Amino acid sequence: MKASVFVEYQGFQVEEKEIIAKVKELWVNEGNKIKDIKDLSLYIKPEENAAYYVIKDDISGKIDLQ
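Residues numbered from 1 in each chain as written. Predicted model: local features only at pLDDT ≥ 70, side-chain atom pairs only at ≥ 80, totals over all residues. Heavy atoms only, no water.

**Here we look at the environment of I63**
Under the convention used in this document: Going along the chain from the N terminus, every DSSP run of H or I of four or more residues is numbered as a helix, and every run of E of two or more is numbered as a strand. Pairs of residues are marked as contacts when any of their non-hydrogen atoms sit within 4.5 Å.
Looking at the element boundaries, I63 is found in strand β5 (residues 59-64). Sequence separation of I63 and E15 is 48 residues, and the distance between their C-alpha atoms is 14 Å. Setting aside chain neighbours within four positions, we find I63 in contact with I19, K22, V23, L26, N49, A50, A51 and Y53.

**Concerning the environment of V54**
Spelled out, the test is: Remark: exposure states derive from per-residue accessible area (1.4 Å probe, protein chains only) relative to the maximum for the residue type, with buried under 20%, exposed over 50%, and partly exposed in between.
Within the element layout of this structure, V54 appears in strand β4 (residues 50-55). Residue classification places V54 among the partly exposed positions, given a relative accessible area of 23%. Remark: the alpha-carbon pair of V54 and L40, spanning 14 residues in sequence, is separated by 5.7 Å. For V54, the contacting residues outside a window of four places in its chain are D39, L40, S41, Y43, I59 and S60.

**A short note on helix α1 (residues 16-29)**
Put simply, the rule reads: What a helix should span is 1.5 Å times the count of its residues minus one. This arc corresponds to the set of directions leading from the helix axis out to the C-beta atoms.
With 14 residues, α1 extends 20 Å from end C-alpha to end C-alpha; this agrees with the ideal 20 Å at 1.5 Å per step. For α1, the complete set of buried residues consists of I19, V23 and W27. The arc that holds the buried residues of α1, viewed along the axis, is 80°, so those residues lie on one side. In this structure, α1 carries K17 and N29 as exposed residues pointing more than 90 degrees from its buried face. Downstream of α1 by a residue or two, G31 has a phi angle that is positive, lying close to 90°.

Just distances and angles here, no functional claims.
Here it is as structure tokens:
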């Protein structure tokens, strides 16, 4: 089974995999390796046009959705 998750809010749409790709890009740009991401939690806040993430239960940050 293939599943896709989209967040839609006030005419804006973003796919879950796009958000994950942005988080991974930030992670690598900070000198880390993708394989070191064992757990990733996303908290989507469309009203803030942002997604918050937590990696390995202690590293957190925020990305813009657009």
